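# Residue-level structure breakdown
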Amino acid sequence: MTVLGLGVKMSNWIEEAGKDDESLIEILSFNEYMDIFEEYSERECRPTCEYLSDMLNHYGRSDDGLYKLFQQDHPDSPPVFGHRKTQESINENLHNFKEEGFNNKFILLVGPNGSAKSSIVRKFMKGAEQYSRSQEGPLYSFSWIFPIDTYVKGTLGLTQDSKSEHDLHTYANLEDKDISAILSSELKDHPILLIPRKYRQKLLINSLGDNPRQLETIKKSYLYKSDLSKRNRMIYDALLKNYKGSHSEVLKHIRIERFTISKRYSSGAVTIEPQIHVDARMQQITMDKRLASLPPSLQSLNLFSLQGEVILANRGILEYSDLLKRPLDSYKYLLMTMETSNVNLGGILTELDIFFFGTSNEVHLAAFKQHPDFNSFKGRFNFIRVPYLLNFKEEIQIYEEQIASLKGKCTIEPHALEALCLFSVLTRLRSPQTKNYEDKKLSSIVVGINPLEKALFIATKEMPEKLDSESRQIFLQGRETFLEEFENENLYEGKFGISPRDVKNIIYKMTSRNEELTYIEVLDYLSTLITKKNEFDFLNMTPQSDYHHPARFLAIIKDYCLTKFDNELRESLGLVDDRSYGEYIQKYIENINALIKGEKVKSSFSGKFEEVDEYFLKEFEKSINLKEDTKTYRSHLISKLGAFSLDNPGAIINYVDVFPEVIAKLKESFRNEQKNVIKEISKNIVFYEAEQSEDASSTPLTIEKRKQIDLIINNLVEKHNYTSSGALSLLKYIIKERY
């Protein structure tokens, strides 16, 4: 590439970057900001709690009700799947803070290790970062600008000459060469705090008159009731005195600046790690030589610089990572801060507008509850549970990116990851207890649900096949009761079990040992893992029926995966049962009813009355393998239909529900037909496999049989995304296990 070409490309990105950042590098005078405030007063009058609530709503919700923010993928903040209740609880707290007027509770996310607590906070911060860069979420603060002596002369304590060489309304746009000193607002004070309280309150009432709800919220907040931070107030008052009470002269020194939230640069999004140190401090700056060019009226002030994570996080989010690992005395100041929104720094009360977040695992929380001061903190903390996921489909999403990165190294066959995630979820479930249900019918149903059936019901609402239509309806209506059975117990579901961190490690180990991974290899690996009771606490829980019983988990997951593949195999045979069972039974009932009464049957095609189709009756009875006397059986079905009509007058007859045992026999007859084909295939699979590596003429496999197996393998590949070798491997396995 030529130097000229390189230069053109470089200028292109420089121009584009300049356009992208143009709106973010906003510098305004105080009057220019007030024009923005007048136009967007509702947007500009948002304390942090309301700002963050709007941020969540800005990203919207998915069809399943989850906040889209948490599903977004960022290089430094991967998606967080599931955790609907956790997300809702965070938003509910933000709404409660709006009602109180400030963030009066510390939000502590509590859950087992690896349950995505820190990931949720990280994603929340990332959402705030992006929102602060959008048109809907700008944030403004200000700095004090002091021009050089030769640029402007006035009554700043530099000279007695009262005339200015430049007729300026603001120093906000001065170039660096014309500025002697800049003092930023470390707490990122909101610009409207520069307006004296009495006039600010009038302004807010007038600006928000059309939105009484927001006005009531603002009246409770620091934007209405409070004042500038200590240093800004001292500077403002000193300048006001020097300018003989002229507020307009003081506000000339104000430069309004747009700032963005950034975790990387600790601007409105800060994480405090569990090591011991002070979170906020102050330092005297008046003697700093760099600020010697301040006007004499300010040099006489005892100014301090505020520092520390709490200061950096103001007007944003402050996370205390693993809070309860720290000595309790290191965060006792939070008690007063949560109650008053102030922090005491060397006797100086500093008002904060921070959304306080923290994380802790269950072990440290249990120890904290034993501390004598726990009751003092309990009233100022809101504990939000972050359990392991109980929905295996959401669990699968956690590992999809990892699986994608391993594609060149190992082929993951269908249902392999599903089997692993089902095992993960099953380790986190508890056995339903009769005592927890007032509805006796629901109680009798749930106690018979095994852990796999529970996991499937949680994720897909799939009903156990063993339930009749009435039980299914009761179970579905009691879904919420069933899912929330252990919600208020200390040993809640998702508090224990295998961690996603461990699952990720398992995936790496299995893919490093296998070029091809099916559910067979997954179950083999897990059968070894469940013997390591010293490494995993959940392996030491007392079994209750199939619950807390890892060996049974593997057995029922194996059966589940075999059934899934069996269905795919039968579909791939090319034999399809395209009968509508309801219509099939209805035709049979209408024919035997007409036969018993000596009548004709109305044709559904021609509408004419025709003779009973006795050939159809015999074929139907043959397909259900009828052993008893045909007349007796036919009379029994007619009687059952009559009983249904008496019990349900006027109800539309659903033949599938009325005759479930007939449906079962019809399905079984078709399965037997398929089974015979698979058995025939099993005799030839060894020859087929031999042909893959040897000369076709060396086996007795006929062309017809070879084509049949080819068809099955191809259908499994094309319809169900198996590889040819994976399909063949699983075909051999299911023949061995079931045929």
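Now for a description of the structure that goes with this document.

## So, the pattern of salt bridges
- Counted according to the given criterion, the structure contains 34 salt bridges.
- With a closest N to O distance of 3.6 Å, Asp322 and Lys325 form a salt bridge.
- The partner of Glu680 in a salt bridge is Lys683, and the shortest N-O contact between them spans 3.6 Å.
- What makes Glu680 partly exposed here is its relative accessible area of 31%.
- The exposure class of Lys683 is exposed, given its relative accessible area of 56%.
- Three or more residues are tied together by salt bridges with common partners; here these are Asp559, Asp566, Arg570 and Arg738.

## A few points about the sheet that holds strand E3 (residues 139–147)
- Spatially, E1-E5-E3-E4 is the arrangement adopted by the 4 strands of the open sheet, whose pairing is antiparallel. Unpaired on one side and paired on the other, strand E1 (27–28) and strand E4 (179–184) mark the two borders of the sheet.
- When E3 meets E4, the two strands line up antiparallel, connected through 5 bridges. Residue pairing in the sheet places Phe146 in a bridge with Ala181 of E4.

## Quick notes on the packing of aromatic side chains
- What the rule picks out here adds up to 33 aromatic pairs.
- Plain terms: the ring middles of Phe368 and Phe381 are 6.5 Å apart, the flat faces sit at 45° to each other, and that makes the pair tilted. On the criterion of sequence distance, the pair formed by Phe368 in helix H15 (residues 362–369) and Phe381 in strand E13 (residues 381–385) is long-range, its members being 13 residues apart. Neither Phe368 nor Phe381 differs from the other in exposure class; each is buried.
- Here the basic side chain of Lys454 rests over the ring of Phe482, its NZ or CZ set 5.1 Å away from the ring centre.
- If you follow Arg479 out to its NZ or CZ, it ends over the ring of Phe457, 5.1 Å from the centre.

## Thoughts on the pairing of strand E12 (residues 355–361)
- Across the 7 residues that make up E12, a large majority, 7, are buried.
- By the bridge criterion, 5 bridges tie strand E2 (residues 106–111) to E12 in an arrangement that is parallel. In the strand pairing of E12, Leu109 is matched with Thr359.
- Examined bridge by bridge, strand E9 (residues 317–320) and E12 share 4 bridges and lie parallel to one another. Counterpart to Glu319 in the pairing with E12 is Phe357.

Cut-offs applied
- Residues numbered from 1 in each chain as written.
- Predicted model: local features only at pLDDT ≥ 70, side-chain atom pairs only at ≥ 80, totals over all residues.
- Heavy atoms only, no water.
- Salt bridge = Lys/Arg side-chain N within 4 Å of Asp/Glu carboxyl O.
- Buried < 20%, exposed > 50% of the residue type's maximum accessible area, 1.4 Å probe, protein only.
- Pairing = 2+ DSSP bridges.
- Helix = DSSP H or I, 4+ residues; strand = E, 2+ residues; numbered from the N terminus.
- Phe/Tyr/Trp six-rings, centres within 6.5 Å; stacked < 30°, edge-to-face > 60°.
- Lys NZ or Arg CZ within 6 Å of the ring centre and 35° of its normal.

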